[in-house]
Amino acid sequence: MAILLLDRFDIVFDLAEAVRERNGLVGVSTELSVQHLLAFYPQGIFPWYSDERFFYWFTIAPRTVLYPYQMHIGRSLAKTLRNKPYLVTSNHGFDAVISACAQAPRQGQDGTWIVADFQDAYIRLHQAGYAHSFECWFPNQEGEMKLVGGLYGVQIGRVFFGESMFAWQNDASKIAFAHAVPFLAECGVSLIDCQMRTEHLARFGAQSLPLDDFQVALQHNTAQNLYRPIGKQIIHMVNLSIS
């Protein structure tokens, strides 16, 4: 089986063939650069793991997506959002969030694909303004705010490509996600790529798109500008007094 070396950025890939013949493997690259990430994400291709020689780029079909204005909040989470003391921010701790995502245990997985090279690449992408984090903070017994959950992803045009999330306390990643989605919508994001379906995402209203429809949505939305930058912000605060 021949595997394509992704050493050019002007190729339009046949993703249907990759899904049909190689379980979604599109190709490999010898580096994971900002240029690679910005060229391949708008086609629905993302790096999933690496070995000593290569980074492996995949696509998934069907694709799980969330339309921000269709997000659903269940009763239990809604009660938590109203009553629990917490703070949600954007881009206040990208390095810490991606590091925590790499450390978070995953059911059915041994280790992480978010190795040091991946973290370095997405940190560079964040510094370039295309990767963003959302943080959830809980107060400790002394009233100090501690990072307890969050998520990060890539934003190109009006698409946010969710990458990973973590929670050190119950509901922390859900709280971050529940506030990140409407905030992204206010900034102009119209499509959130969730990659793979999970029950967690399905409860928020995520749905499956056929690969062809997903590619059409990407082509349209990645070419559009946001209404305003995502930036470094305090997004929401409940039952806290912070000077």
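Use the structure listed above.
Residues numbered from 1 in each chain as written. Predicted model: local features only at pLDDT ≥ 70, side-chain atom pairs only at ≥ 80, totals over all residues. Heavy atoms only, no water.

## Points about the overall build of the protein
So, step 1. For the protein, the helix and strand inventory stands at eight helices and twelve strands.
So, step 2. A compact globule built from 243 residues should have a C-alpha radius of gyration of about 18 Å, and the protein, at 18 Å, falls within 12% of that.
So, step 3. Dimensions of the protein, computed from C-alpha atoms along their principal axes, come out at roughly 60 × 35 × 35 Å.
So, step 4. Every one of the 243 residues in the protein was classed for burial, and the buried ones make up 50%. (Helix = DSSP H or I, 4+ residues; strand = E, 2+ residues; numbered from the N terminus. Rg over C-alpha atoms; globule rule 2.2 N^0.38 Å. Buried < 20%, exposed > 50% of the residue type's maximum accessible area, 1.4 Å probe, protein only.)

## A short note on the sheet that holds strand S1 (residues 4–5)
So, step 1. An order of S1-S2-S4-S3 is seen for the four strands of this open sheet, with the pairing classed as mixed. At either margin of the open sheet sits one strand with a lone partner, and together these are S1 and strand S3 (46–50).
So, step 2. Bridge count for S1 against strand S2 (residues 25–29) is two bridges, and the pairing is parallel. The partner of Leu4 across the bridge, within S2, is Gly27.
So, step 3. Lying over the sheet, helix H5 (residues 116–127) contacts S3 and strand S4 (55–58), oriented at roughly 150° with respect to S3. (Pairing = 2+ DSSP bridges. Contact = heavy atoms within 4.5 Å. Axes fitted to C-alpha atoms, helices over the stretch in contact; angles between N-to-C directions.)

## Details of the packing of helix H3 (residues 75–83) against helix H6 (residues 172–187)
When two helices pack together, their arrangement is given by the angle between their axes and by how far apart the axes lie.
So, step 1. At a minimum axis separation of 11 Å, H3 and H6 run at an interaxial angle of 85°. By the angle between their directions, the pair H3 and H6 is classed as roughly perpendicular. Mapping the contact onto sequence places Leu77, Thr80 and Leu81 in H3 and Lys174, Ile175, Ala178 and His179 in H6.
So, step 2. A per-class count over the contact of H3 with H6 returns four nonpolar, two polar and one charged. (Parallel < 35°, antiparallel > 145°, perpendicular 65-115°, else oblique. Nonpolar A, V, L, I, M, F, W, Y, C, P; charged D, E, K, R; others polar.)

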